[in-house]
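Understanding the architecture of this molecule
Here is how the chains run, residue by residue.
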Amino acid sequence: YAALGAVVLAAPKVIAKAWGATKRGMLDVNGLTTLACVGAVGIGEFTEAAAVVVLFGMSEWLQHKATGKARRAVGSILELRPEGAELISGEVLPVEDVPV
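Calculation rules
Residues numbered from 1 in each chain as written. Predicted model: local features only at pLDDT ≥ 70, side-chain atom pairs only at ≥ 80, totals over all residues. Heavy atoms only, no water. Helix = DSSP H or I, 4+ residues; strand = E, 2+ residues; numbered from the N terminus. Polar contact = N/O pair within 3.5 Å; in protein donor to acceptor, adjacent residues only side chain to side chain. Contact = heavy atoms within 4.5 Å. Salt bridge = Lys/Arg side-chain N within 4 Å of Asp/Glu carboxyl O. Buried < 20%, exposed > 50% of the residue type's maximum accessible area, 1.4 Å probe, protein only. 1 Å grid on protein atoms, 1.4 Å probe; cavity = no way out; pocket = protein on both sides within 12 Å on 5 of 7 lines; lining within 4 Å. Points joined across faces, edges and corners; volume = space filled by probe spheres on them. Nonpolar A, V, L, I, M, F, W, Y, C, P; charged D, E, K, R; others polar.

**What about the side chain of Thr34?**
- Secondary-structure assignment places Thr34 in helix α2 (residues 29–42).
- At 2.8 Å, the side chain of Thr34 and the backbone oxygen of Asn30 are in polar contact.
- Apart from residues lying up to four places away in sequence, Thr34 is in contact with Val14, Ile15 and Ala18.

**Observations regarding the pattern of salt bridges**
- In the structure shown here, the tally under the stated rule is two salt bridges.
- Close ionic contact of Glu60 with Lys17 constitutes a salt bridge, the shortest N to O distance being 3.4 Å. Placement of the pair is Glu60 in helix α3 (residues 46–78) and Lys17 in helix α1 (residues 2–23), with a sequence separation of 43 residues.
- What makes Lys17 partly exposed here is its relative accessible area of 37%.
- The salt bridge involving Glu96 is made with Arg81; its shortest N-O contact spans 3.4 Å. Linking Glu96 in the segment after β2 (92–94) with Arg81 in the loop between α3 and β1 (84–86), this pair joins segments that are 15 residues apart in sequence.

**Concerning the layout of surface pockets**
- Reported here for the largest pocket is a volume of approximately 180 Å³.
- Lining the largest pocket are Leu9, Ala10, Lys13, Val14, Lys17, Asn30, Val53, Phe56, Gly57, Glu60, Trp61 and His64.
- When residues of the lining of the largest pocket are traced back to their parent elements, those giving at least two are α1 and α3.
- Looking at the lining of the largest pocket element by element, the count peaks at six residues for α3.
- Tallied by class, residues from the lining of the largest pocket come to six nonpolar, three polar and three charged.

Here you go:
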C-alpha cells in the first residue's frame, strides 16, 4: 500500500497538467504518464504505477533545475558583452552604432 500512497501523492500534479493539455486538444508526456499510471493501477501493479509517477516527477524536477542553471549561465555570458567597439581608425563607438 506504500506504492499506492506514492501514486496518490505524486499523480495529481501530472494529472492536472495532462487535463490542461487535453482541454487544448493535445496529448503530451503528462497525458501519456497518466495513461501509464492508470493502466498500471487498473491491472493491480501499484508498484509500477508508483515508479512511473515518482520517476517522472523526479525527471521534471531535474529538468527544472537544469533549465534554471542554463538560463543563469547564458545570462552571465551575455553580461560579458562589450559596451563599445574600437574601429580601425581608432574611433570608439557604442556597439549598437557599429556598421556591419
